[in-house]
Amino acid sequence: QVQLVESGGGLVQPGGSLRLSCAASGSISSINAMGWYRQAPGKQREFVATIPTGGRINYADSVKGRFTMSRNNAKNRVYLQMNSLKPEDTAVYYCNAVTVRQQDWGQGTQVTVSS
C-alpha cells in the first residue's frame, strides 16, 4: 500500500499560478507510475497528467501547455506546476500511485480559480 498526501491548493485569480505537491510513503519501490487527477462539483474525476516509470509524461489536452508535472530523484514526491489558471480549472486535485496490485489515492487538495 502507498500513502499519498497532497498540498499546495488554494484560491487564485484567473491567469495566476499554483504549485501542488504530493508526498508518497509506504511501498515506494512498488510504484510503476504516479499521476494527477481532478474532480469538479457534479462531475466525474478526470485525468490531468501522469509520469510512468521509464516513459514520457502525458497531459490531458485541457491542461497541455499550461501545467507541468515533475518527480523528485527519490521517486517519493511529485509536483504539478499550474500556470495561466482558468475558472474551469477549479476542482479538488488528487494524487495517484499505480502498483502491480492496485491504485492508491490521496485525500485531495482544493484549487479555486475565482473570476
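Residues numbered from 1 in each chain as written. Predicted model: local features only at pLDDT ≥ 70, side-chain atom pairs only at ≥ 80, totals over all residues. Heavy atoms only, no water.

J.: I tried to follow the side chain of T109 on my own but got confused; where do I start?
T.: Relative to the helices and strands, T109 is located in strand β11 (residues 109-113). A polar side-chain atom of T109 sits 3.3 Å from the main-chain amide nitrogen of G9. With sequence-adjacent residues up to four places away left out, T109 is seen in contact with E6, S7, G8, G9, L20, A91, V92 and Y93. (Helix = DSSP H or I, 4+ residues; strand = E, 2+ residues; numbered from the N terminus. Polar contact = N/O pair within 3.5 Å; in protein donor to acceptor, adjacent residues only side chain to side chain. Contact = heavy atoms within 4.5 Å.)

J.: What exactly am I supposed to notice about the state of the cysteines here?
T.: Working definition: the covalent bond between the sulfur atoms of two cysteines is a disulfide. Tallied over the full model, the rule gives one disulfide. For C22, the disulfide goes to C95, at an S-S distance of 2.1 Å. Its S-S torsion of approximately -85 degrees makes the covalent link between C22 and C95 left-handed. Placement of C22 in strand β3 (residues 18-26) and of C95 in strand β9 (residues 91-99) is noted, with a sequence separation of 73 residues between them. As far as burial versus exposure is concerned, C22 and C95 are alike and both buried. (Disulfide = S-S within 2.5 Å. Buried < 20%, exposed > 50% of the residue type's maximum accessible area, 1.4 Å probe, protein only.)

J.: Can you help me understand the pairing of strand β5 (residues 46-52) in this one?
T.: The two faces of a sheet get side chains in turn, since along a regular strand they alternate between them. Sheet analysis places strand β4 (residues 31-39) next to β5, joined by six bridges and oriented antiparallel. By the bridge assignment for β5, W36 is matched with A49. Between β4 and the antiparallel strand that follows it, β5, lie six residues; G42 among them carries a positive phi value of about 75 degrees. In this structure, β5 lies alongside strand β6 (residues 58-59), joined through two bridges in antiparallel fashion. The residue bridging T50 from the neighbouring strand is N58, located in β6. Counted between consecutive antiparallel strands, the loop separating β5 from β6 contains five residues, among which G54 sits at a positive phi close to 75 degrees. (Pairing = 2+ DSSP bridges.)

J.: For this particular structure, what's the right way to read the pattern of salt bridges?
T.: When their charged atoms lie close together, side chains carrying opposite charge are able to pair. Under the defined criterion, the tally for this structure stands at four salt bridges. Here R66 ties to D89 by a salt bridge, and the two come within 2.8 Å at their closest N and O atoms. With R66 in the loop between β6 and β7 (67-71) and D89 in the loop between β8 (77-82) and β9, the pair connects residues that are 23 residues apart, well separated along the chain. Both residues of the pair, R66 and D89, belong to the buried class. Taken together, the shared-partner salt bridges in this structure form one network comprising R38, E46, R66 and D89. (Salt bridge = Lys/Arg side-chain N within 4 Å of Asp/Glu carboxyl O.)

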